[in-house]
Amino acid sequence: DQQVKQNSPSLSVQEGRISILNCDYTNSMFDYFLWYKKYPAEGPTFLISISSIKDKNEDGRFTVFLNKSAKHLSLHIVPSQPGDSAVYFCAASARRGSTLGRLYFGRGTQLTVWP
Amino acid sequence: GAVVSQHPSWVICKSGTSVKIECRSLDFQATTMFWYRQFPKQSLMLMATSNEGSKATYEQGVEKDKFLINHASLTLSTLTVTSAHPEDSSFYICSASESWNYGYTFGSGTRLTVV
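Residues numbered from 1 in each chain as written. Chains lettered and ligands numbered in written order. Predicted model: local features only at pLDDT ≥ 70, side-chain atom pairs only at ≥ 80, totals over all residues. Heavy atoms only, no water.

A closer look at the packing of aromatic side chains
All names here are of chain A. Summed over all chains, the structure comprises 12 aromatic pairs over all chains. Ring plane angle 45 degrees and centroid distance 5.3 Å describe the contact between F30 and Y104, whose orientation is recorded as tilted. Taken together, the residues F30 in the loop between β3 (19–25) and β4 (32–38) and Y104 in strand β10 (residues 104–105) connect sequence positions 74 residues apart. Pairing Y36 with F46 gives two aromatic rings, centres 5.9 Å apart and planes at 70 degrees, and the pair type is edge-to-face. Remark: F46 occurs in strand β5 (residues 45–51) and Y36 occurs in strand β4; sequence separation between them is 10 residues. Directly above the aromatic system of Y104 lies the positively charged group of R102, at a separation of 3.8 Å from the ring centroid. (Phe/Tyr/Trp six-rings, centres within 6.5 Å; stacked < 30°, edge-to-face > 60°. Helix = DSSP H or I, 4+ residues; strand = E, 2+ residues; numbered from the N terminus. Lys NZ or Arg CZ within 6 Å of the ring centre and 35° of its normal.)

Focus on the side chain of T63(A)
Along the chain, T63(A) falls in strand β7 (residues 62–67). Beyond its immediate chain neighbours, meaning those up to four positions away, T63(A) contacts I48(A), K56(A), N57(A), E58(A), S74(A), L75(A) and H76(A). (Contact = heavy atoms within 4.5 Å.)

Points about the state of the cysteines
Under the counting rule described, the total for this entry stands at two disulfides over all chains. Across the disulfide from C23(A) sits C90(A); the S-S distance is 2.0 Å. Disulfide C23(A)-C90(A): torsion about the S-S bond near -75 degrees, hence left-handed. With a gap of 67 residues between them, C23(A) in strand β3 and C90(A) in strand β9 (residues 86–93) connect regions that are remote in the sequence. We note that C23(A), like C90(A), is buried. Bridging C23(B) to C94(B), the disulfide has an S-S length of 2.0 Å. Between C23(B) and C94(B), the S-S dihedral sits near 85 degrees, and the bridge is therefore right-handed. Pair noted here: C23(B) is in strand β3 (residues 19–25) and C94(B) is in strand β9 (residues 90–96), with a separation of 71 residues, a long-range link. The burial state of C23(B) is the same as that of C94(B); both residues are buried. (Disulfide = S-S within 2.5 Å. Buried < 20%, exposed > 50% of the residue type's maximum accessible area, 1.4 Å probe, protein only.)

Observations regarding unusual backbone geometry
Going from V78(A) to P79(A), the amide bond is cis rather than trans, its omega being -10 degrees. Within the element layout of this structure, P79(A) appears in the loop between β8 (72–77) and β9. In this chain, H7(B) is followed by P8(B) through a cis amide linkage whose omega measures -5 degrees. Within the fold, P8(B) resides in the loop between β1 (4–7) and β2 (10–13).

Observations concerning the pattern of salt bridges
Considering all chains together, one arrives at five salt bridges over all chains under this definition. Residue E22(B) pairs with R24(B) through a salt bridge whose shortest N-O separation is 3.4 Å. (Salt bridge = Lys/Arg side-chain N within 4 Å of Asp/Glu carboxyl O.)

Some thoughts on the interface of chain B and chain A
Taken residue by residue, the interface counts 19 residues in chain B and 21 residues in chain A. Between chain B and chain A, the buried area comes to about 1700 Å², and carbon and sulfur atoms account for 59% of it. At the boundary of chain B with chain A, the tally comes to one salt bridge. Note that R102(A) and E59(B) form a salt bridge whose closest N and O atoms lie 2.8 Å from each other. Linking chain B with chain A are six residue pairs in polar contact (both at pLDDT 80 or more). Contributing elements (two or more residues each) for the side of chain B that touches chain A: β4 (32–38), β5 (44–51) and β9 of chain B. Broken down by element, the side of chain B that touches chain A gets its largest block of residues, three residues, from β4(B). (Buried area = accessible area lost by both parts, 1.4 Å probe. Polar contact = N/O pair within 3.5 Å; in protein donor to acceptor, adjacent residues only side chain to side chain.)

Keep in mind these values describe shape, not function.
Spelled out as structure tokens, the structure:
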């Protein structure tokens with residue numbers, strides 16, 4: 001049972017434009033969400049996260065939006081650059097006090113940014 | 001930032017042999033480490049949670065006698081694939097967390113090919 005879903009396996013965007021990657025989740029216990037970027041044959045790299053007490057978190061060109069009522073989050077990359085081309089994984093967790101529980105991952109979205 | 005070192009990055013072994021993969025937290029102590037497996041174009045599937053000084057917790061469907069996990073110290077966890085078969089060929093990744101607000105740091109992964 002996939003508790004975190006990324007329904008778009010791929011996204012192609014022109015350089016300089018906005019990339020929007022979407023993620024949906026089903027478990028209402030999730031209260032912490034993360035985005036990871038992954039290149040082939042490498043481990044995922046942490047990008048940005050958001051707690052359920054917020055609806056937006058911004059870090060440079062990356063912004064994550066959280067809509068708890070819809071159980072939906074999105075990652076915006078503005079402006080997109082060719083170096084952003086990678087697979088992006090959405091992950092969710094249910095924290096236990098100060099401990100981050102196990103992560104549940106979506107299947108990933110392959111982002112391609114073309115010049 | 002936190003660094004997780006994983007070795008080897010790739011390994012080819014003969015069917016029936018065993019392979020050990022190491023995961024080290026270089027600049028922090030990790031009481032918990034996670035082992036994932038990724039098939040091509042698939043999500044990261046959690047195999048087991050490795051707890052320092054105690055037995056690992058395996059996810060449903062993962063054979064604990066085949067995938068031996070040892071977490072002997074706060075900076076080292078090992079995954080041994082015993083009696084490897086071609087179907088065990090996959091990309092294995094470990095992760096650990098320094099603190100919850102940093103999310104999880106992933107190793108660079110190990111590409112295992114069983115011939």
